[in-house]
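Take a look at the letters that make up each chain.
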Amino acid sequence: MKIRVGVLFGGMSVEHEVSVISGLQAYHAIPRDKYEPVPIYITKEGKWYTGEAVGSIDEYKDLPGLLRKSTNVTLFTNESGAHQLIATRKSWFKNPVVDEIHVAFPVTHGTFGEDGALQGLLEFQKVPYVGCDVLSSALGMDKVVMKAVVRSAGLPVVDFVTFYNHQWSEDPGSCIAKAEAQLKYPVIVKPANLGSSVGIEIAEDTEELTSALGNAFGFADKVIIERVVQNLKEVNCSVIGDHESAEVSVCEEVLKTSEILSYQDKYLNQASKGMSGTSRIIPANISPEMTEEVQALAKQTFLELGCNGVSRIDFLIDQDEGKVYVNEINTIPGSLAFYLWEPKGKSFEQMTGQLIQLALKRHRTKSQLTFSYDTNLLALQGKGGGSKKLGR
């Protein structure tokens with residue numbers, strides 16, 4: 001029997017459409033000789049749908065029509081451990097079990113999909129799943145915490161300050177003063193927990209910083225302000241594996257149309273291709289020594305954050321000083337960064353197969369751990385097996 005893989009995409013995120021593209025790319029790349037992929041579309045409201053139409057990109061041009069052709073389901077793990085997709089609309093004449101999966105393959109960018117929330121749901125249902133676990137997903141999603149962790153490990157990051165929305169709302173003047181005391185203009189303002197360049201702006205002065213912060217707080221409760229690296233080159237590198245074995249891809253140099261790589265640069269120029277349609281130079285136009293440094297930093301970042309599966313780590317290169325900085329990590333990168341592995345001889349099909357095997361390996365390891373005891377301490381109360389007083 002082939003392994004049934006539930007490919008999850010869409011989700012409650014501003015990166016919803018990007019996730020649909022990446023998810024369908026992964027769905028079609030899963031090798032059919034060993035696996036049977038099951039497409040599962042998550043709407044912007046968080047409802048799950050499956051069915052043949054869900055696996056076709058053309059159907060998403062008419063979303064209401066797609067949903068009418070599909071079945072609204074919920075995930076349920078029964079007493080025998082089967083992970084079932086159950087129809088939410090009950091019928092006396094139909095089996096409520098629509099499908100069954102053996103492993104989940106989240107390709108959900110952004111909030112509720114890449115930040116550990118979906119991974120927590122899958123953990124609770126004991127479903128093996130591809131990619132980072134709850135902790136590493138959450139670390140990777142929060143730019144502030146991620147930078148704090150990698151900086152504590154001795155990896156280079158640019159100077160930054162951060163604020164919560166309540167601090168900005170209560171005293172914007174103090175926030176501006178603190179940022180201007182620690183950083184020189186120009187600075188770049190980002191929501192702390194979003195990707196795909198959503199909500200990002202460069203500020204050259206106080207007026208622009210005020211405007212950029214107001215915009216960023218529309219997307220997240222926490223923002224990060226960073227020093228802008230002048231004479232910048234942006235380079236990305238992917239890592240695949242786990243804490244026992246991890247390999248690095250070739251490096252890419254992403255081309256942009258303005259000072260920062262925008263959402264349009266990444267996705268709108270060739271919308272149906274997602275991140276794989278972005279203009280880039282592969283391999284990046286950097287020296288062999290710089291390439292080795294970037295690849296070493298990518299691998300170390302992946303390991304320090306406890307990642308699993310495939311991630312893409314983005315770097316800033318200060319060409320004046322010849323310094324490399326870790327910028328951010330994408331634990332579910334656009335198009336799963338498959339285009340960075342093809343030059344190394346690893347096809348997208350081989351890559352998805354490897355990711356599924358990594359998920360099953362981790363699940364086997366966790367299945368051997370003890371999470372609870374059979375002993376019922378409460379049943380021992382008053383029978384000589386424990387104290388009559390409740391306590392720890």
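Please refer to the structure higher up on the page.
This text gives an overview of the structure that appears in the document.

About the criteria used
- Residues numbered from 1 in each chain as written.
- Predicted model: local features only at pLDDT ≥ 70, side-chain atom pairs only at ≥ 80, totals over all residues.
- Heavy atoms only, no water.
- Salt bridge = Lys/Arg side-chain N within 4 Å of Asp/Glu carboxyl O.
- Helix = DSSP H or I, 4+ residues; strand = E, 2+ residues; numbered from the N terminus.
- Buried < 20%, exposed > 50% of the residue type's maximum accessible area, 1.4 Å probe, protein only.
- Pairing = 2+ DSSP bridges.
- Axes fitted to C-alpha atoms, helices over the stretch in contact; angles between N-to-C directions.
- Parallel < 35°, antiparallel > 145°, perpendicular 65-115°, else oblique.
- Left-handed = near helix turned anticlockwise from the far one by under 90°.
- Contact = heavy atoms within 4.5 Å.
- Nonpolar A, V, L, I, M, F, W, Y, C, P; charged D, E, K, R; others polar.

With respect to the pattern of salt bridges
In total, this model carries 16 salt bridges according to the counting rule given. Taking the shortest distance from any N to any O, the salt bridge between Lys222 and Asp142 comes out at 2.8 Å. Highlighted residues: Lys222 in strand E11 (residues 222–227) and Asp142 in the loop between helix H4 (134–141) and helix H5 (143–152), separated in sequence by 80 residues. An identical accessibility class is assigned to Lys222 and Asp142; each is buried. Between Arg280 and Glu252 there is a salt bridge, with its nearest N and O atoms 2.3 Å apart. Residue Arg280 is found in strand E14 (residues 280–281), and its partner Glu252 is found in strand E13 (residues 246–254); the two are separated by 28 residues along the sequence. Of the two residues, Arg280 and Glu252, both sit in the buried class.

Some words on the pairing of strand E5 (residues 83–87)
In terms of burial, E5 is a largely internal element, five of the five residues being buried. Judged by which residues are buried, E5 turns out to be covered on both faces: His83, Leu85 and Ala87 on one side and Gln84 and Ile86 on the other are all buried. Bridge count for strand E4 (residues 71–77) against E5 is five bridges, and the pairing is antiparallel. Residue pairing across strands places Thr77 opposite His83, the latter belonging to E5. What sits between E4 and E5 in their antiparallel hairpin is a turn of five residues, with Gly81 showing a positive phi close to 90 degrees. As defined by bridge partners, E5 adjoins strand E6 (residues 97–101) across four bridges and the pair is classed as antiparallel. The residue of E6 that forms the bridge with His83 is Ile101.

Brief notes about the packing of helix H7 (residues 172–182) against helix H8 (residues 206–216)
Where H7 meets H8, the axes come as close as 11 Å, and the angle between the chain directions of the two elements is 120 degrees. The orientation of H7 with respect to H8, classified from their angle, is oblique. Crossing of H7 over H8 shows right-handed handedness. Facing H7, whose interface residues are Ile176, Ala179 and Glu180, H8 presents Thr206, Leu209, Thr210 and Leu213. Of the residues assigned to the contact of H7 with H8, the class counts are four nonpolar, two polar and one charged.

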